[in-house]
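Residues per chain are reported as follows:
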Amino acid sequence: MDERFEGSFTQQEPISEEAIAAAVAVMRSGRLHRYNVAPGEVAEVALLEEEFARATGARFCLAVASGGYAMSCALRALGVGPGDAVLSNGFTLAPVPGAIASVGAHPVLVETTEALTIDLDDLAARIEATGARVLLLSHMRGHVCDMDRLMALCDAAGVSVVEDCAHTMGARYRGVPSGRHGRVGCYSTQTYKHINSGEGGLIVSDDAEVIARAVVLSGSYMFYARHSAAPPPEAFADVRLEMPNCSGRMDNLRAAILRPQVPLLEARRQAWEARYRVIESGLAGVAGVQLVPRAAEEEFVGSSFQFLLPGWPGEAVRAMVAHCAARGVELKWFGAPEPVGFTSSYRSWRYAGLQDLPRTDALLAGLIDLRLPLTFDLEDCARIARIIAGGVAATLPGLDAAPPPGDMRAAE
Ligand SMILES: *Cc1c(COP(=O)(O)O)cnc(C)c1O
């Protein structure tokens, strides 16, 4: 009895009728540009910024064109420039080192733990070795490190933290919304993230100077007074003349689609966690599979699922992925020699300079990733887990060979 799965791993939920009606109203008005307002009108983008600031408890918010733009704009607003070193995760996706490269800086990549989070001992060593003053922290695939320890370490070393919350919008750590531990939080509203406007990004901060700079950088011309979630006009006295205009604004159409989605974030988080837990329990105890631990402090958004096949040779991983693909379950392998789709390894970022992260390499070699769109129900998730467990059983290699370096479990 060979089960098959028929769902699409890239099919998100439709945009709600409420959001469609709001988008149509913007189109009927003709005022799609955020600074094109009728007398007394507050633009949809400014309203979105107010609402997202409230949802995260931030003093200020700026909406921009993409998550990648949000990160590069935040780095530039912090004064990062050509030749600077910026710390970041060795395990993340291409827009993160790309944001660092876009301001002429270079990424200093940090090792990864078996919880798929940044290695804090290695971070401390690299802060010491490079003197870098900014960390672009990627909460990659929703896995969050010990944020208390990370902030204590960075505060003590004078390192500003920019959080990449592309995979943690709506998540909390010890009750604090993701993006609110560091100096700046950046989010993406791209289709595959947690609220969907096709493309888009958000920046939050309590730092008036940083947000004033980001507003002008994002292309405000001299319309900064139309930002109701930004500091008052006085904060712009010098900034407006000092910062270049690097256009990357959000438009009213996208904001109109996003506003009705912000209040849904917590319900979506719970729906995602329920799906995640079904896959997790379906794979618990399967020989050859190592699950990724989740800290009790996190309320996470399980919009994707990862597991490790520690010590598996590449051919066996490839056979497992092929077994599942033939049954309709689309898995991504971070250890593939060539970058495919959205999955890539730091070794494909040649512009970042060659860096060696042996522990990250050992993890990526056995790291499998799958998306969990909310169009899947719990029964779909149970079926997916059964197919993966079957794939593992059918291809499980004899693991008596020497374990790869850095892998503890395979040695047991
Ligand atoms: C998607 C993503 C971003 C932002 O991406 P955009 O496509 O520019 O909105 C940033 N970091 C990670 C880890 C991502 O997956």
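Rules behind the numbers
Here, residues in each chain are numbered from 1, in the same order as that chain's written sequence. Owing to the predicted nature of the model, reporting of local features is limited to residues with pLDDT of at least 70; listing and counting of side-chain atom pairs is limited to 80 or more, with chain, interface and lining totals taken over all residues. Water and hydrogen atoms play no part in the side-chain values, which are based on all heavy atoms of the structure. Being near a molecule or strand, for a residue, means having at least one of its heavy atoms within 4 Å of it. N or O atoms within 3.5 Å of each other form a polar contact, as long as, within protein, one can give a hydrogen and the other can take it, and as long as residues adjacent in sequence are counted only when both atoms are side-chain atoms. Where accessible areas are quoted, they stem from the Shrake-Rupley method and a 1.4 Å probe; at the residue level, only the protein chains shown are allowed to cover. Helix and strand definitions here come from DSSP, where helices need a minimum of 4 consecutive H or I residues and strands a minimum of 2 consecutive E residues; each element is numbered from the N-terminal end. Each residue is assigned to one class: nonpolar for Ala, Val, Leu, Ile, Met, Phe, Trp, Tyr, Cys and Pro, charged for Asp, Glu, Lys and Arg, and polar for all the others, Gly among them. Remark: exposure states derive from per-residue accessible area (1.4 Å probe, protein chains only) relative to the maximum for the residue type, with buried under 20%, exposed over 50%, and partly exposed in between. Two strands qualify as a pair provided DSSP detects at least 2 bridges between them. Crossover handedness is defined here as right-handed if the route from the first strand over the helix to the second strand goes clockwise, with the strands pointing away from the viewer. In plain terms, two cysteine sulfur atoms within 2.5 Å form what is called a disulfide here. In these notes, a set of buried Ala, Val, Leu, Ile, Met, Phe, Trp, Tyr and Cys residues joined through side-chain atoms within 4.5 Å is what counts as a nonpolar core. We call two residues in contact when some of their heavy atoms are within 4.5 Å. Any pair of Phe, Tyr and Trp rings, taking the six-membered ring for Trp, is counted once the centres come within 6.5 Å. Such a pair is stacked with planes under 30 degrees apart, edge-to-face with planes over 60 apart, and tilted for the rest. Whether a charge sits over a ring comes down to the Lys NZ or Arg CZ being within 6 Å of the ring centre and within 35 degrees of the ring normal.

Okay, the site of the ligand next. The full set close to the ligand counts 15 residues, and G68, H167, S188, Q190 and K193 are the nearest of them. With respect to the ligand, the side chain of K193 contributes an N or O atom lying 2.9 Å from an oxygen atom. The fraction of the free accessible surface of the ligand (380 Å²) that becomes covered by protein chains is 90%. Counting only elements with at least two residues in the shell around the ligand, the list comes to α3 (67-77) and α4 (95-102). Grouping the constituent residues of the shell around the ligand by class yields 5 nonpolar, 8 polar and 2 charged.

All right, on to the pairing of strand β2 (residues 85-89) then. Counted residue by residue, β2 has 5 buried out of 5 residues, so it is predominantly covered. As paired strands, β2 and strand β3 (residues 106-110) are joined by 5 bridges and run parallel to one another. The partner of N89 across the bridge, within β3, is V110. Regarding topology, α4 serves as the crossover connection from β2 to the parallel β3, and that connection is right-handed. Examined bridge by bridge, β2 and strand β4 (residues 134-138) share 2 bridges and lie parallel to one another. In the strand pairing of β4, L87 is matched with L135.

A few words on the environment of A38. Structurally, the position occupied by A38 is in the loop between α1 (17-29) and α2 (44-56). Measuring from C-alpha to C-alpha, the distance between A38 and P310 comes to 60 Å, with 272 residues separating the pair along the chain.

A word on the state of the cysteines. Applying the stated rule across the entire model yields 0 disulfides. Left without a disulfide partner, C73 is nearest to the cysteine sulfur of C246, which lies 7.9 Å away. Residue C73 is classed as buried on the basis of its relative accessible area, which comes to 3%. This cysteine, C154, is not joined by any disulfide, and C145 carries the nearest cysteine sulfur, 8.6 Å off. Classification of C154 as buried rests on a relative accessible area of 1%.

Moving on to the nonpolar core. One finds L75, V86, L136, V162 and I203 to be the most contacted residues of the largest nonpolar core, which totals 35 residues. Not counting residues within four places of it along the chain, the set of residues in contact with L75 comprises V80, V86, A99, I100, V103, V134, L136 and V162. Counting residues in hydrophobic clusters, the runner-up holds 34 residues, among them L309, V317, W333 and L374.

A word on the packing of aromatic side chains. By the definition in use, this model includes 9 aromatic pairs. Ring geometry for F5 versus F9: centroids 5.6 Å apart, planes at 70 degrees, classification edge-to-face. Summarising the burial analysis for this pair, F5 and F9 share the class buried. Ring centres of Y35 and F223 lie 5.2 Å apart, and the angle between their planes is 25 degrees; this geometry places the pair in the stacked category. Taken as a pair, Y35 in the loop between α1 and α2 and F223 in the loop between α7 (208-217) and α8 (239-242) lie far apart in primary sequence, 188 residues in all. The rings of F5, F9 and F376 are connected pair by pair, giving a single aromatic cluster. One cation-aromatic arrangement involves R294 over F300; the distance from NZ or CZ to the ring centre is 3.9 Å. Above the plane of the ring of Y192 lies R371, whose end atom (NZ or CZ) is 4.4 Å from the centre.

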